[in-house]
Amino acid sequence: MKFFVRWLIDWPRSVAQYLTWLAPLFARITVGWVFLWSGWGKLNNLPQITENFIGWGIPFPHFFTPLTSGIEFFGGLFLLLGLLTRISAGALGVTMIVAIKSARWGDVDSLETLLGFDEFEYLALFLWLAIAGSGSVSLDYLLQRWYDRTARGGAVIGQPVAGSRPM
């Protein structure tokens, strides 16, 4: 029994510890690319998208159409870069909740139908990114490392280390 536990649980865990950077990167690239281009398409077709928002009963469609389009475009761009990942994923997650409620809710006849919507699958990824963060292959990670170093008084390019003498 111990052999099976090690083989089925411990071994995959030991392999996975070397790949912790991969899942957030893959998720960010996947949804970032989709929403960058979705937002771009909406920003370049605001009149039609505004009509869609009116048809779905979204309040203040002339305000929310460019806002949503911008959130999709810049949120997608930021996810691709791994910049402000948690904020971007949270904002995009809210847009998915609104999309499901306003445009798809009438089609829901079961939990299976709801879980089958692309918007719900995107929502799951956005929720995971908002909680887990961007991972180590991201600008968020680099900024956090830089901030932690400067907060501890570490060297910053162009500034002398505390207590050192100029040469």
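All values derive from a computational prediction rather than experimental measurement. (Residues numbered from 1 in each chain as written. Predicted model: local features only at pLDDT ≥ 70, side-chain atom pairs only at ≥ 80, totals over all residues. Heavy atoms only, no water.)

A. Spotlight on the packing of helix α4 (residues 61–81) against helix α5 (residues 85–104). Between α4 and α5, whose axes approach to 9 Å, the crossing angle comes to 145°. Considering the relative orientation of α4 and α5, their crossing is left-handed. Within the contact between the two elements, α4 uses Thr68, Ile71, Glu72, Gly75, Gly76, Phe78 and Leu79 and α5 uses Thr85, Ser88, Ala89, Ala91, Leu92 and Thr95. Here the residues of the contact of α4 with α5 are counted per class, giving 6 nonpolar, 6 polar and 1 charged. (Axes fitted to C-alpha atoms, helices over the stretch in contact; angles between N-to-C directions. Helix = DSSP H or I, 4+ residues; strand = E, 2+ residues; numbered from the N terminus. Left-handed = near helix turned anticlockwise from the far one by under 90°. Contact = heavy atoms within 4.5 Å. Nonpolar A, V, L, I, M, F, W, Y, C, P; charged D, E, K, R; others polar.)

B. Structural context of helix α8 (residues 139–151). Across its 13 residues, α8 extends 18 Å between first and last C-alpha, which sits within 8% of the 18 Å expected from 1.5 Å per residue. N-capping of α8 is provided by Ser138, with a side-chain oxygen placed 3.1 Å from the backbone N of Tyr141. Immediately downstream of α8, the backbone of Gly153 shows phi near 90°, a positive value. (Expected span 1.5 Å × (residues − 1). Polar contact = N/O pair within 3.5 Å; in protein donor to acceptor, adjacent residues only side chain to side chain.)

C. How the structure looks around the pattern of salt bridges. For the structure shown, the criterion picks out 4 salt bridges. Taking the shortest distance from any N to any O, the salt bridge between Lys42 and Glu72 comes out at 2.7 Å. Placement of Lys42 in helix α2 (residues 22–43) and of Glu72 in helix α4 is noted, with a sequence separation of 30 residues between them. By relative accessible area, which is 3% here, Glu72 ends up buried. The residue Arg104 makes a salt bridge to Glu119 at a minimum N-O spacing of 3.0 Å. Here Glu119 lies in helix α7 (residues 118–132) and Arg104 lies in helix α5, a separation of 15 residues in the sequence. (Salt bridge = Lys/Arg side-chain N within 4 Å of Asp/Glu carboxyl O. Buried < 20%, exposed > 50% of the residue type's maximum accessible area, 1.4 Å probe, protein only.)

D. How the structure looks around the environment of Ser110. Assignment of secondary structure puts Ser110 in the loop between α5 and α6 (111–116). A relative accessible area of 30% places Ser110 in the partly exposed class. At 3.1 Å, the side chain of Ser110 and the side chain of Thr113 are in polar contact.

Fair warning: the whole summary comes from geometry, so function is off the table for now.
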